[in-house]
Amino acid sequence: MEEKDKDLEKEEGKGDEVLEERESGGLSNGTQKPFSFEEEGYWESIPEQEDAREKRVTWLRRTLGEIIERMGIKAYIEAQQREGEIFLEIKGDGSGLIIGKHGQTLDALQYIMNKIAAHRYREVREKVLLDTENYRGRRVAALESMALRMREKVKKSREAVTIGPLNPQDRRIIHVTLSGDEDVRTESKGEGFYKKLVIMPKSRGNREQEPSPGGTHLT
């Protein structure tokens, strides 16, 4: 038996329609030239009056803006400095393309920006977070809501539920949401970046119930 979670389906599908239009030629960026960090003038210096962290933030904001521009999307970047992280919010009309199917484009951009930051600023350990139109916040709420609903389903049926595949950030949200529950536990399954997550009944007595082939799967 397979099910779809309506809240997640709504959030994940936000960028799908735009992506399908682009794939069909409606938003083609075939005239865009390949992205290159070596382009003349790109590595221009940042004003000297800015302190070290402000320089990093400015450079990262410019870098992300350049990448988005090369994707054929008109947008601007707002930056916030937080404890141990730099938050970059992408604002513009191309949010569907930036989010991508199941949020994978936004995840990929965030991964790339963290790699770039780690390479350029080797001495600084600071995470770069990306968002657009509060997609991250809406997805957290959808994942938490789904986790609680699936908990009730598992408690009632005493059968495991498998969700996913999900990225590490999404899996952590579900793990944390259900971490203090007395009746269910969670476990990631699989290899690679995207893994499935199993919500299963906790053991009764000394016997632990593992996911059964008959468990419910959400895709």
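Residues numbered from 1 in each chain as written. Predicted model: local features only at pLDDT ≥ 70, side-chain atom pairs only at ≥ 80, totals over all residues. Heavy atoms only, no water.

Looking at the pattern of salt bridges
So, step 1. Evaluated as defined, the whole model comprises 13 salt bridges.
So, step 2. A salt bridge links Lys91 to Glu78, with the shortest nitrogen-to-oxygen separation between them at 3.2 Å. Remark: Glu78 occurs in strand E2 (residues 75-82) and Lys91 occurs in strand E3 (residues 85-92); sequence separation between them is 13 residues.
So, step 3. According to the relative accessible area criterion, Lys91 is partly exposed, its value standing at 27%.
So, step 4. You can call Glu78 partly exposed: its relative accessible area is 32%. (Salt bridge = Lys/Arg side-chain N within 4 Å of Asp/Glu carboxyl O. Helix = DSSP H or I, 4+ residues; strand = E, 2+ residues; numbered from the N terminus. Buried < 20%, exposed > 50% of the residue type's maximum accessible area, 1.4 Å probe, protein only.)

What about the packing of helix H3 (residues 52-70) against helix H5 (residues 104-120)?
Two quantities define a packed helix pair, namely the angle between the helix axes and the distance between the axes.
So, step 1. It is the contact of H3 with H5, at a shortest axis distance of 11 Å, that shows an interaxial angle of 135°. Comparing their axes, H5 and H3 come out oblique. Once H3 is placed against H5, the crossing between them reads as right-handed. Listed contacts from H5 to Trp59, Leu60, Thr63, Leu64, Ile67 and Ile68 of H3 are Leu109, Ile112, Met113, Ile116, Ala117 and Arg120.
So, step 2. Class assignment of the residues belonging to the contact of H3 with H5 gives a composition of ten nonpolar, one polar and one charged. (Axes fitted to C-alpha atoms, helices over the stretch in contact; angles between N-to-C directions. Parallel < 35°, antiparallel > 145°, perpendicular 65-115°, else oblique. Left-handed = near helix turned anticlockwise from the far one by under 90°. Contact = heavy atoms within 4.5 Å. Nonpolar A, V, L, I, M, F, W, Y, C, P; charged D, E, K, R; others polar.)

So, the sheet that holds E3
So, step 1. Taken in spatial order, the three strands line up as E2-E3-E4 in an open sheet, and their pairing is mixed. Edge strands, defined here as strands with exactly one partner in the open sheet, are E2 and strand E4 (127-131). Neighbour to neighbour, the strand axes of the sheet diverge by 20° on average, direction disregarded.
So, step 2. H5 contacts E3 and E4 of the sheet and is inclined by roughly 155° relative to E4. (Pairing = 2+ DSSP bridges.)

Details of the environment of Tyr121
So, step 1. As for its position among the elements, Tyr121 is in the loop between H5 and E4.
So, step 2. Tyr121 sits 65 residues away from Arg56 along the chain, and the two C-alpha atoms are 8.2 Å apart.
So, step 3. Other than its neighbours up to four places away in sequence, Tyr121 contacts Lys55, Arg56 and Trp59.
So, step 4. Within the local environment of Tyr121, its side chain forms a polar contact with the side chain of Arg120, the two groups lying 3.4 Å apart. (Polar contact = N/O pair within 3.5 Å; in protein donor to acceptor, adjacent residues only side chain to side chain.)

Notes on the confidence of the model for the protein chain
A low pLDDT score tells you not to read the predicted coordinates there in detail.
So, step 1. For the protein chain, the average pLDDT comes to 79, and 70% of its residues sit at 70 or higher.
So, step 2. The spread of mean pLDDT over the elements of the protein chain runs between helix H2 (residues 16-23), the lowest at 42, and strand E7 (residues 195-201), the highest at 96.
So, step 3. Note that pLDDT drops below 50 for residues 15-45; the model gives that stretch 45 contacts with residues more than four away or on any other chain.
So, step 4. With pLDDT under 50 throughout, residues 206-217 is counted as low confidence; its partners more than four residues away or in other chains account for 28 contacts. (pLDDT = per-residue confidence, 0-100.)

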